[in-house]
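Descriptive structure summary
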Amino acid sequence: MSLPGKFITLEGVDGAGKSTHVGFVADWLRRQGREVIVTREPGGTALGETLRELLLHREMAADTELLLMFAARQQHLAELILPALARGAWVVSDRFTDASYAYQCGGRGIAAERIAALEDWVQRGFAPDLTLLFDVPPDVAEQRRSSARAADRFEQEAGSFFDRVRDAYLARARSEPQRIRVLDARHTIDAVQAEIARLLLDLA
Ligand code: TYD
């Protein structure tokens, strides 16, 4: 599937600081003259944002959580991501399918094959052009999480949950080093953003 626009995703454990960098990526691309759509998962559409509320705040079984993530993703692709890419816009998403492998497989322990089956169904081979993975050691992430606003259902998980999420992200980055670029998010915001700009230049 070749589309004129490009799809960039940002990933990392809660507290890695990825949300800080979404706006920087979008502004950088706009300065290059691109039309840019900023979005997030779960969410990105009216239905997806309703599902996000449930996912972040209602108790549910792990498989329900996985299926709702992909239900939101299907709607996001159909309604927003694919039409935008088809008209040549660039789409920047705060999280996408790598988060399902990290959180639902790594964190919750659901078999990777289950996630791969949903990925095939929903995405039919579609994947981001570039994924920025913001990585920090567990203690730094935990410190950043604890100073953030009220914790959602994921942010209330124990430290060991986030260790598994981080390990799953890093394993994915090792298996797809071309697409998934790991950034050391312990560095200053300026240093991280200089590195982001370098990676975007390769893509643009
Ligand atoms: P997050 O992106 O951290 O938003 P905020 O910065 O507003 O807290 O929150 C989304 C949560 O959803 C995050 O804890 C990870 C989780 N998530 C999954 O577990 N699986 C997924 O596939 C996606 C997209 C997100």
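The following paragraphs examine the structure supplied in this document. What you see is a predicted model, and the numbers here were worked out from it, not measured in a lab.

**Things to note about the nonpolar core**
In terms of nonpolar packing, the biggest core is built from 42 residues, with Val 25, Leu 29, Tyr 103, Leu 132, Phe 134 and Ile 196 touching the most fellow members. When near neighbours in sequence (up to four residues on either side) are disregarded, Phe 134 contacts Leu 10, Glu 11, Gly 12, Val 13, Ala 16, Lys 18, His 21, Leu 183, Ala 185, Val 192 and Ile 196. Listed in part, the 17 residues of the second largest apolar core include Phe 70, Leu 85, Val 91 and Leu 118.

**Overview of the site of the ligand**
Around the ligand sit 18 residues, and of these Asp 14, Arg 95, Ser 100, Tyr 103 and Gln 104 come closest. The side chain of Asp 14 places a nitrogen or oxygen atom 3.0 Å from an oxygen atom of the ligand. Here a nitrogen atom of the ligand sits 2.8 Å away from a polar atom, N or O, in the side chain of Gln 104. Here the ligand loses 91% of its free accessible area of 550 Å² to cover by the protein chains. Top element by residues in the shell around the ligand is helix α4 (residues 97-107). It accounts for four residues.

**Observations regarding the pattern of salt bridges**
Think of it this way: side chains of opposite charge can pair up when their charged atoms draw near. Inspection of every chain in the model, using the stated rule, returns 17 salt bridges. Across the pair Glu 41 and Arg 73 runs a salt bridge, and its minimum N-O distance is 2.6 Å. On the criterion of sequence distance, the pair formed by Glu 41 in the loop between β2 (36-40) and α2 (46-57) and Arg 73 in helix α3 (residues 62-86) is long-range, its members being 32 residues apart. Considered together, Glu 41 and Arg 73 belong to a single accessibility category, that of buried residues. For the salt bridge of Arg 153 with Glu 65, the shortest nitrogen-to-oxygen distance reads 2.8 Å. Of this pair, Arg 153 sits in the loop between α6 (138-146) and α7 (159-175) while Glu 65 sits in helix α3, and the two are 88 residues apart along the sequence. The two residues Arg 153 and Glu 65 agree in class, both being buried.

**Let's talk about the side chain of Glu 41**
Note on Glu 41: relative accessible area 6%, which makes it buried. A polar contact of 2.6 Å, which involves the side chain of Glu 41, links it to the side chain of Arg 73. Apart from residues no more than four positions distant in its own chain, Glu 41 is found in contact with Arg 52, Arg 73, His 76, Ser 93, Asp 94, Arg 95 and Phe 96.

**So, a negative patch on the surface**
The grouping of Asp 139, Glu 142, Asp 163 and Asp 167 at the surface amounts to a negative patch. Elements that contribute at least two residues to the negative patch include exactly α6 and α7. Positionally, Asp 167 belongs in helix α7.

**Here we look at helix α1 (residues 18-31)**
For α1, which comprises 14 residues, the first-to-last C-alpha distance of 20 Å matches the rise-based estimate of 20 Å (1.5 Å per residue) to within 8%. The set of residues buried in α1 consists of Lys 18, His 21, Val 22, Phe 24, Val 25, Ala 26, Trp 28 and Leu 29. Packed against the buried residues of α1 are β1 (7-11), β2, β3 (90-94), β4 (130-135) and α8 (189-203). Following α1 by one or two positions, Gly 33 has its phi on the positive side, about 90°.

**Concerning the packing of aromatic side chains**
Tallied over the entire structure, the rule returns seven aromatic pairs. Taking the centre distance of 4.9 Å and the plane angle of 90° together, the rings of Phe 7 and Phe 96 count as edge-to-face. Of this pair, Phe 7 sits in strand β1 while Phe 96 sits in the loop between β3 and α4, placing them 89 residues apart in sequence. Per residue, the accessibility class of Phe 7 equals that of Phe 96, and both read buried. When the ring of Phe 161 is compared with that of Phe 162, the centres are 5.3 Å apart and the planes differ by 85°; the resulting orientation is edge-to-face. In this structure Phe 161 comes out as buried when scored by relative accessible area, which is 2%. Taken together through their ring pairs, the aromatic side chains of Tyr 103, Phe 154, Phe 161, Phe 162 and Tyr 169 make up a single cluster. Positioned above the aromatic ring of Phe 70 is the side chain of Arg 73, whose terminal nitrogen or guanidinium carbon lies 4.6 Å from the ring centre. Stacked on the ring of Phe 154, the Lys or Arg Arg 153 has its end atom at 5.2 Å from the ring centre.

What counts, and at which threshold
- Residues numbered from 1 in each chain as written.
- Predicted model: local features only at pLDDT ≥ 70, side-chain atom pairs only at ≥ 80, totals over all residues.
- Heavy atoms only, no water.
- Core = buried A, V, L, I, M, F, W, Y, C linked by side-chain atoms within 4.5 Å.
- Buried < 20%, exposed > 50% of the residue type's maximum accessible area, 1.4 Å probe, protein only.
- Contact = heavy atoms within 4.5 Å.
- Near = heavy atom within 4 Å.
- Polar contact = N/O pair within 3.5 Å; in protein donor to acceptor, adjacent residues only side chain to side chain.
- Areas by Shrake-Rupley, 256 points an atom, 1.4 Å probe, with all protein chains shown as cover.
- Helix = DSSP H or I, 4+ residues; strand = E, 2+ residues; numbered from the N terminus.
- Salt bridge = Lys/Arg side-chain N within 4 Å of Asp/Glu carboxyl O.
- Patch = residues over 30% accessible without salt bridge, like charges linked within 9 Å, V, L, I, M, F, W, Y side chains within 5 Å.
- Lys, Arg positive; Asp, Glu negative; His and termini not counted.
- Charge placed at Lys NZ, Arg CZ, Asp CG, Glu CD.
- Expected span 1.5 Å × (residues − 1).
- Phe/Tyr/Trp six-rings, centres within 6.5 Å; stacked < 30°, edge-to-face > 60°.
- Lys NZ or Arg CZ within 6 Å of the ring centre and 35° of its normal.

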